[in-house]
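Listed here are the chains, written in short residue letters.
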Amino acid sequence: MIFNGFKQLQNVDFKEFLATAVIGLIVSGYLIVYLLSHAPRLPFDEELEYQTINGKGSLVKKRLPNVSRGGKDNNDHDDGIILSVVVPSYNETKRISSMLADAIVVLQKEMTHKWEIIIVDDGSKDGTSEYCLNLAEKVFQLQEGQLRVVKLSKNRGKGGAVRHGLLHIRGKYGLFADADGASRFSDVNRLIGSIKRLEGPQGKPAVAIGSRAHMVNTDAVVKRSFIRNLLMYGLHALVFVFGIRSIKDTQCGFKLFNRNAIRSIFPYLHTEGWIFDVEILMLALRKNIPISEVAISWHEVDGSKMDLARDSINMAKDLVVIRMAYILRIYKDNKEC
Ligand SMILES: Nc1nc2c(ncn2[C@@H]2O[C@H](COP(=O)(O)OP(=O)(O)OP(=O)(O)O)[C@@H](O)[C@H]2O)c(=O)[nH]1
Ligand SMILES: *[C@@H]1O[C@H](CO)[C@@H](O)[C@H](O)[C@H]1NC(C)=O
Ligand SMILES: *[C@@H]1O[C@H](CO)[C@@H](O)[C@H](O)[C@H]1NC(C)=O
Ligand SMILES: [Mg+2]
């Protein structure tokens, strides 16, 4: 009798303990994800201006347009621009000029003057902004507004810079492209072709992304350091588990969106660090926006801005945080952040 009662008591205690433990775990899990979650800061007022060189060679500053207002649907800032190219740049004076040269040749040929380049200088310390404006005037001899420089007062990370740039384009399509010129710019034609098939005549949201998946067994990848490749495979595995399974190369710095895709994705993008590509693709998948992966040509360029140890740890952490934050509804895909 006494023994039985004792056993029952122990049972109740154990269940209570288990319930408390589970609740405690959920609460602390939520708290950890909440504390590690991220929202991009609002732009400072001066970051809503761009600089460009006018026909007389002097610097002018103007307000940036807003992708959610202008454009084809409610024409105000459109100016007939077909393609806007956003180049996130951090300390890029050594690498950006050949990338720009490559891009400008292709743009002039394919769409005469109906393009713009937006350099988002992410708080560079080496005068990237001034360097690019000087190139635009002296080397490329561009017209006013064709090359725009937006200077972020404080470094935000590649994701933050790309988000800021794409939210302020005039074009029908917006491409973001790395400043190192690792991809061949003319491949943009294949991305545009692909997005046109997806968007149909009404211009439904659509995304076309460059892919290097066909290159894993070629020199470009094999010749990279062992540790870099090891980290790359580790990241692929993690993306597979916590991120995205239907896309082979999520990280390529060459992605094209039509205006409606930009409006449906970028206001909701939380991540400003290196892993932002995965959140972009997760948002597209959640919103049933079609994504096509287009094989592009790509070569390794020296002078990477990535700090292998620190940045891989942050990417892994951010990846888990993104997935958990959507599950726990700390991140929402229908509320601008
Ligand atoms: N906005 C911003 N852009 C950055 C930052 N660090 C690098 N970038 C830009 O991100 C792009 C890619 O940087 P890279 O240093 O070429 O990266 P990588 O190591 O070659 O990476 P993969 O090309 O993916 O192999 C370049 O356009 C850089 O200028 C940063 O802190 N903020
Ligand atoms: C752009 O326009 C949208 C819609 O009108 C608005 O919600 C958003 O705050 C604007 N962004 C900026 C930077 O003005
Ligand atoms: C950018 O340049 C500044 C000044 O030269 C330097 O202190 C900083 O470490 C550089 N950052 C990167 C990521 O190269
Ligand atoms: Mg690169």
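Labelled according to an unreviewed UniProt entry, the protein chain appears under the name dolichyl-phosphate beta-glucosyltransferase, originating from Zygosaccharomyces mellis. In its Subcellular location (unreviewed entry) section, the UniProt entry covering the protein chain states "Endoplasmic reticulum membrane".

(A) Quick peek at the site of ligand 1. Around ligand 1 sit 19 residues in total, of which Glu92, Asp122, Ala179, Ser304 and Lys305 are the nearest. In the environment of ligand 1, an oxygen atom lies 3.2 Å from a nitrogen or oxygen atom belonging to the backbone of tyrosine 90. Lysine 305 is positioned with one of its backbone polar atoms (N or O) 2.5 Å from an oxygen atom of ligand 1. Here ligand 1 has 640 Å² of accessible area as a free molecule, and 93% of this is covered by the chains. Looking at the shell around ligand 1, the elements with two or more residues in it are strand S3 (83-89) and helix H4 (158-166). In terms of residue class, the shell around ligand 1 is built from six nonpolar, four polar and nine charged.

(B) Geometry of unusual backbone geometry. Notably, glutamine 141 is not glycine yet its phi reads approximately 50°, a positive angle. In this structure, asparagine 288 is a non-glycine residue whose phi angle is positive, near 55°. By secondary structure assignment, the location of asparagine 288 is in the loop between helix H9 (276-286) and strand S9 (291-295). A relative accessible area of 70% places asparagine 288 in the exposed class.

(C) Summary view of the UniProt feature "transmembrane region" (unreviewed entry) in the protein chain. With numbering aligned to this structure, UniProt lists the feature "transmembrane region" (unreviewed entry) at residues 17-36. With 100% helix and 0% strand, residues 17-36 has its two end C-alpha atoms placed 28 Å apart.

(D) How the structure looks around the site of ligand 3. Residues in close proximity to ligand 3 include Tyr90, Asn91, Lys125 and Lys305, which together make up its full environment. At a separation of 2.2 Å, an oxygen atom of ligand 3 approaches a polar side-chain atom of asparagine 91. Considering ligand 3 on its own, with 370 Å² of exposed area, one finds that the protein chains cover 42% of that surface.

(E) Highlighting empty space enclosed by the protein. The final tally for this structure, using the stated rule, is one cavity of 30 Å³ or more. Along the walls of the largest cavity sit Met99, Asp102, Ala103, Ala177, Asp178, Gly181, Ser183, Phe185 and Phe254, which together make up its complete lining. The biggest single contributor to the lining of the largest cavity is helix H2 (residues 96-111), with three residues.

(F) View of the layout of surface pockets. Within this model, the second largest pocket holds a volume of roughly 400 Å³. As for the second largest pocket, its lining consists of 18 residues, of which Pro43, Asn66, Arg163, Leu167 and His168 are closest to the centre.

(G) Seen up close, the pairing of strand S1 (residues 49-53). Most of S1 is tucked away: four of the five residues are buried. Here S1 pairs with strand S2 (residues 59-63) via five bridges, running antiparallel. Its bridge partner being in S2, isoleucine 53 is matched across the sheet by leucine 59. Linkage of S1 to S2, two consecutive antiparallel strands, is achieved through a turn of five residues, within which glycine 57 is found at a positive phi near 85°.

(H) Region of the structure containing the packing of helix H7 (residues 226-242) against helix H10 (residues 308-327). The contact between H7 and H10 brings their axes to 10 Å, and the two run at 5°. Judged by the angle between their axes, H7 and H10 are roughly parallel. Across from Ile227, Arg228, Leu231, Leu235, Leu238, Val239 and Phe242 in H7, the residues of H10 making contact are Leu308, Ser312, Met315, Ala316, Leu319, Val320 and Arg323. Considering only residue class, the contact of H7 with H10 consists of 11 nonpolar, one polar and two charged.

(I) Region of the structure containing H9. For H9, the buried fraction is high: nine of the 11 residues fall into the buried class. Phe276, Asp277, Val278, Glu279, Ile280, Leu281, Met282, Leu283 and Ala284 are the residues of H9 that are buried.

What counts and what doesn't
- Residues numbered from 1 in each chain as written.
- Chains lettered and ligands numbered in written order.
- Predicted model: local features only at pLDDT ≥ 70, side-chain atom pairs only at ≥ 80, totals over all residues.
- Heavy atoms only, no water.
- UniProt positions renumbered as here; feature names shortened; annotations may be inferred.
- Near = heavy atom within 4 Å.
- Polar contact = N/O pair within 3.5 Å; in protein donor to acceptor, adjacent residues only side chain to side chain.
- Areas by Shrake-Rupley, 256 points an atom, 1.4 Å probe, with all protein chains shown as cover.
- Helix = DSSP H or I, 4+ residues; strand = E, 2+ residues; numbered from the N terminus.
- Nonpolar A, V, L, I, M, F, W, Y, C, P; charged D, E, K, R; others polar.
- Buried < 20%, exposed > 50% of the residue type's maximum accessible area, 1.4 Å probe, protein only.
- 1 Å grid on protein atoms, 1.4 Å probe; cavity = no way out; pocket = protein on both sides within 12 Å on 5 of 7 lines; lining within 4 Å.
- Points joined across faces, edges and corners; volume = space filled by probe spheres on them.
- Pairing = 2+ DSSP bridges.
- Axes fitted to C-alpha atoms, helices over the stretch in contact; angles between N-to-C directions.
- Parallel < 35°, antiparallel > 145°, perpendicular 65-115°, else oblique.
- Contact = heavy atoms within 4.5 Å.

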